[in-house]
Amino acid sequence: MAASPVIQVAGLRKRYGSTLAVNDVSFEVYDGEIFGLIGPNGAGKTTTMECVEGVRRPDGGQISVLGLDSFRDVYALQQRVGVQLQEAHLQKRIKVSEAVALWASLYKTKVDTGKLLGQLGLQDKSNAWFMTLSGGQKQRLFIALALINDPELVFLDELTTGLDPQARHAIWDLIRGIRARGKTIFLTTHLMEEAERLCDRVAIINHGRIVDINSPAGLIRKHCPQRTVILTTEDATADEKLRAISGVEVSRDDKGAVIVRGDAADLMTGVIACLADHRIRVTDFQTVVPTLEDVFLKLTGHTIRQ
């Protein structure tokens with residue numbers, strides 16, 4: 001049985017003056033999945049998420065979250081969701097335990113805060129001031145605050161921006177752990193590796209419009225099916241023999257390595273069979289697999305960093 005949608009967005013529009021920040025955006029998020037809204041800075045990710053959360057009033061469209069109208073029923077919704085905002089800050093001299101107690105006082109349902117801090121690796125920082133925490137520890141605290149009411153649905157907005165790779169990977173493990181406990185996660189990110197590693201499905205947004213929605217692997221198969229094999233050989237006839245493989249393109253790079261491009265389904269099999277049949281000796285062999293960033297470049301015409 002297919003999972004039911006916990007978020008339904010249809011025809012969402014949001015304008016700031018003459019700028020149409022979100023233009024006819026529609027998508028669904030299903031129970032138990034990690035869903036990512038991905039795109040460059042300024043694409044409309046945060047505005048879309050804030051409309052879904054009920055933080056901003058949309059100018060058009062319909063939004064249903066856990067069966068509630070996210071703006072009209074915002075107070076009822078707040079008890080059932082957890083939110084981490086992109087520009088989250090706390091007082092410099094508030095202690096971790098004080099912040100957790102303050103947030104817990106806002107909800108009818110709350111978790112065991114000591115256990116939660118332990119799960120997030122903050123048990124030794126309970127009496128530490130916020131200003132003394134590292135970037136990764138601050139993000140873990142914001143996750144704790146988003147989970148304080150044992151929410152059914154968690155919103156995470158650009159959670160790992162600015163973190164070093166080690167802290168980012170630690171946060172990714174925490175997010176997987178949240179989903180493993182039965183939560184649904186809706187996140188935004190402009191980091192393609194993050195989306196590819198974490199998300200069951202992603203929606204690519206650019207200039208306020210959804211470009212496509214699918215699993216990361218599904219988007220790659222659909223938009224970037226071609227694979228590349230790069231091999232080094234002293235056999236001068238290798239190029240000619242490899243060109244006999246149906247549907248491939250063969251060239252050489254400036255270092256003399258042979259580059260073979262073709263569709264993913266048969267490329268590897270064809271190249272390996274050709275090398276074996278003709279006894280072509282290879283000193284180096286590597287494959288290049290397209291990524292979600294390659295998909296983004298193809299669909300939008302610019303890289304995610306622009």
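Preceding this paragraph is the structure being described.
The numbering scheme is per chain: residues are counted from 1 as the chain's sequence reads. With the structure being a predicted model, the display of local features is reserved for residues of pLDDT at least 70 and the display and counting of side-chain atom pairs for 80 or more, all residues being used for whole-chain, interface and lining totals. Side-chain figures throughout are based on the complete set of non-hydrogen atoms in the structure, without hydrogens or water.

### A look at the side chain of Ser70
Right, on to step 1. Tracing the chain through its elements places Ser70 in the loop between β5 (68-69) and α2 (74-78).
Right, on to step 2. In this structure Ser70 comes out as buried when scored by relative accessible area, which is 2%.
Right, on to step 3. Two residues form a contact once any of their heavy atoms are found within 4.5 Å. In this structure Ser70 touches Cys51, Val52, Glu53, Gly54, Ile63, Val65 and Leu77, once residues within four positions along its chain are discounted. Helix and strand definitions here come from DSSP, where helices need a minimum of 4 consecutive H or I residues and strands a minimum of 2 consecutive E residues; each element is numbered from the N-terminal end. Accessibility here uses a 1.4 Å probe with only protein chains present; expressed as a share of the type maximum, an area under 20% marks a residue as buried, one over 50% as exposed, and anything in between as partly exposed.

### Quick notes on the packing of helix α5 (residues 135-147) against helix α6 (residues 165-180)
What describes two packed helices is the angle between their axes and the distance between those same axes.
Right, on to step 1. A fitted line through C-alpha atoms represents every axis, and for helices the fit uses only the stretch in contact; the resulting angles, taken between N-to-C directions, go from 0 to 180 degrees. At a closest axis distance of 10 Å, the pairing of α5 and α6 adopts a crossing angle of 15°. Relative to α6, the element α5 lies roughly parallel. The way α5 lies across α6 gives a crossing that is right-handed. On α6, the residues that touch Gly136, Gln139, Arg140, Ile143 and Leu147 of α5 are Ala167, Ala170, Ile171, Leu174 and Ile178.
Right, on to step 2. Each residue gets one of three labels, nonpolar for Ala, Val, Leu, Ile, Met, Phe, Trp, Tyr, Cys and Pro, charged for Asp, Glu, Lys and Arg, and polar for the others, Gly among them. Of the residues that constitute the contact of α5 with α6, the class distribution is 7 nonpolar, 2 polar and 1 charged. Under this scheme an angle from 65 to 115 degrees is roughly perpendicular, one under 35 degrees roughly parallel, and one over 145 degrees roughly antiparallel; angles in between are oblique. It is the rotation of the near helix from the far one that decides the hand of a crossing: anticlockwise by less than a right angle makes it left-handed, clockwise makes it right-handed.

### Considerations on the environment of Phe155
Right, on to step 1. Residue placement: Phe155 occurs in strand β7 (residues 153-157).
Right, on to step 2. Residue classification places Phe155 among the buried positions, given a relative accessible area of 0%.
Right, on to step 3. For Phe155, the residues in contact, after removing those within four places along its chain, are Ile7, Met49, Val52, Glu53, Val81, Gly82, Val83, Gln84 and Phe186.

### Examining the pattern of salt bridges
Oppositely charged side chains can form a pair if their charged atoms are brought close together.
Right, on to step 1. Salt bridges are defined by distance alone: a side-chain nitrogen of Lys or Arg within 4 Å of a carboxyl oxygen of Asp or Glu. Taken as a whole and assessed by the stated rule, the structure comprises 12 salt bridges.
Right, on to step 2. Where Glu152 meets Arg80, a salt bridge forms, and the shortest distance between an N and an O atom there is 2.7 Å. On the criterion of sequence distance, the pair formed by Glu152 in the loop between α5 and β7 and Arg80 in the loop between α2 and β6 (81-84) is long-range, its members being 72 residues apart.
Right, on to step 3. Owing to a relative accessible area of 38%, Glu152 belongs among the partly exposed residues under this scheme.
Right, on to step 4. Among the salt bridges present, the one from Arg252 reaches Asp239, with a minimum N-O distance of 2.6 Å. Residue Arg252 is located in strand β12 (residues 249-252), and its partner Asp239 is located in helix α9 (residues 238-242); the two are separated by 13 residues in the primary sequence.
Right, on to step 5. Its relative accessible area of 35% is what places Arg252 among the partly exposed residues.

### Topic: helix α8 (residues 216-223)
Right, on to step 1. If you check which residues of α8 are buried, you get Pro216, Gly218, Leu219, Ile220 and His223.
Right, on to step 2. On its buried side, α8 packs onto α7 (192-198), β9 (201-206), β10 (209-214), β11 (226-233) and α11 (292-300).

### As for the nonpolar core
Right, on to step 1. Joining through side-chain atoms within 4.5 Å is the link that ties buried Ala, Val, Leu, Ile, Met, Phe, Trp, Tyr and Cys residues into a set, and such a set is a nonpolar core. In terms of nonpolar packing, the biggest core is built from 48 residues, with Leu90, Leu141, Ile143, Ile175 and Ile185 touching the most fellow members.
Right, on to step 2. Sort the elements by how many residues they give to this core and α5 lands first, with 7 residues.
Right, on to step 3. Apart from the residues lying within four places of it in its own chain, the contact partners of Leu90 are Ala99, Trp103, Phe130, Leu141, Phe142 and Leu145.
Right, on to step 4. The next biggest cluster of nonpolar side chains, apart from the first, holds 26 residues, and it includes Ala21, Cys51, Ile63 and Leu77.

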